[in-house]
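Summary of structural features
Read off the chains here:
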Amino acid sequence: MSKTGALDLASGVGGKISKDEVKSAVEQYEKYHVCYGGDEEARKSNYSDMVNKYYDLATSFYEYGWGESFHFAHRWKGESLRESIKRHEHFLALHLGLKPGMKVLDVGCGIGGPLREIARFSGASVTGLNNNEYQISRGRELNKSVGLGQSCDFVKADFMNIPFPESTFDAIYAIEATCHAPDAVGCYKEIHRVLKPGQCFAAYEWCVTDHYDATNPIHQKIKAEIELGNGLPDIRSTRQCLQAAIDAGFEVVWEKDLAEDSPQPWYLPLDKSHFSLSSFRLTAIGRLFTRTLVKTLEYLKLAPEGSERVSAFLEKAAEGLVEGGKKEIFTPMYFFVVRKPL
């Protein structure tokens, strides 16, 4: 079962970090980012530590507010957030042609929400690659609870150094995960190496669009807020992402920014002007309730010191994401399918 209660949120903050060290971890994480005097090079050279701290601190908040699949989705009018998330995952599985008997790798799998949905939808066997111990332990617990403990599993590893032999997998995908890589070409080369010749890799990437102006202070502020609130060393452009895949040895099958023609804005769940009972915890009132709850739990020492600060930088990220979406300078769903040549 997904951990969605208040005490689940409180007990989960910090992940595998000792509860009396959460505040220190928050301070170290914040110092990596521009908002606190950090720089891109420091984030890239320490990306593993930064991303691990981020997910130890943020995972329980994600699971509490978003569910088991930590990603956005193209969304039709009248479609709930959960329905759109499942369809987003099915869309990827269909583009890869996943079917029973295939051996698939999910790169940067979180707690395995997409992995479980795609495995059930396609019948394929999916291995989740993740460098965060807390998320893997949650993923295994959730796999077991739905009967996927044997057909799907997790491997703790860095996607810059994937611990599998060449040509191991029939298909590979990444959902809003390889944006954490300090070097896209290096990451995609590792994916290329472990993918069988003639087979495909598909990804949803977080990117700045052609509307982003690197000299615009407002655009810079939005980008920095997104990086802080999401554990990113940098945010690449859509062009840079596609070129990185080509430089890694892939040939392009198809690519599109799915945010461009989404009938409902992808950022709608985070927009404070929007209200939804089905995703109440993401609304302005729901987020106010969560902030108050976290503050109270921290005061009562039911949540570790520093929990409120995690809530605060996640809130800042939500504001940056909404503004980035409204100004069309950022997308969380630049989608591409690329093939490893025979």
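Calculation criteria
- Residues numbered from 1 in each chain as written.
- Predicted model: local features only at pLDDT ≥ 70, side-chain atom pairs only at ≥ 80, totals over all residues.
- Heavy atoms only, no water.
- UniProt positions renumbered as here; feature names shortened; annotations may be inferred.
- Helix = DSSP H or I, 4+ residues; strand = E, 2+ residues; numbered from the N terminus.
- Buried < 20%, exposed > 50% of the residue type's maximum accessible area, 1.4 Å probe, protein only.
- Contact = heavy atoms within 4.5 Å.
- Pairing = 2+ DSSP bridges.
- Right-handed = clockwise from strand over helix to strand, strands pointing away.
- Arc of directions from axis to C-beta.
- Patch = residues over 30% accessible without salt bridge, like charges linked within 9 Å, V, L, I, M, F, W, Y side chains within 5 Å.
- Areas by Shrake-Rupley, 256 points an atom, 1.4 Å probe, with all protein chains shown as cover.
- Salt bridge = Lys/Arg side-chain N within 4 Å of Asp/Glu carboxyl O.

- As annotated in an unreviewed UniProt entry, the protein chain is Methyltransferase from Rhynchospora pubera.
- Comment text from UniProt for the protein chain, heading Sequence similarities (unreviewed entry), reads "Belongs to the class I-like SAM-binding methyltransferase superfamily. Erg6/SMT family."

**Details of the overall build of the protein chain**
- The number of helices and strands found in the protein chain is twelve helices and seven strands.
- Projected onto its principal axes, the C-alpha coordinates of the protein chain cover approximately 60 × 50 × 45 Å.
- Counting across all 342 residues of the protein chain, residues that qualify as buried make up 58%.
- Of the contacts made within the protein chain by residues no fewer than 6 positions apart, 77% connect residues no fewer than 24 positions apart.

**With respect to the pairing of strand S3 (residues 153–156)**
- In the sheet, strand S2 (residues 125–130) pairs with S3 via four bridges, with the strands oriented parallel. Counted as the bridge partner of Gly128 is Phe154 from S3.
- Following the chain from S2 across helix H7 (residues 133–145) to the adjacent parallel S3, one finds a crossover that is right-handed.

**Examining the pairing of S2**
- Counting buried residues along S2, five of its six residues qualify, which places the element largely inside the surrounding structure.
- Bridge count for strand S1 (residues 103–107) against S2 is five bridges, and the pairing is parallel. Paired with Lys103 across the strands is Ser125, a residue of S2.
- Read from S1 through helix H6 (residues 113–122) to S2, the crossover connection turns out right-handed.

**Focus on helix H2 (residues 22–30)**
- Looking at H2, one finds that the buried residues are Val22, Ala25, Val26, Tyr29 and Glu30. Across the axial projection of H2, the buried residues extend over an arc of 130°, all falling on one side.
- Buried residues along H2 sit against helix H4 (47–65), helix H9 (217–230) and helix H12 (307–326).

**Remarks on a nonpolar patch on the surface**
- Where nonpolar side chains cluster on the molecular surface, the patch consists of Tyr299, Leu300 and Leu302 and spans about 380 Å² of accessible area.
- The residue Leu302 is located in the loop between helix H11 (284–299) and H12 in this model.
- The exposure class of Leu302 is partly exposed, given its relative accessible area of 46%.

**A look at the side chain of Arg116**
- Tracing the sequence through the fold places Arg116 in helix H6.
- Beyond its immediate chain neighbours, meaning those up to four positions away, Arg116 contacts Glu68, Ile111, Gly139, Leu142, Asn143, Val146, Leu148 and Phe154.

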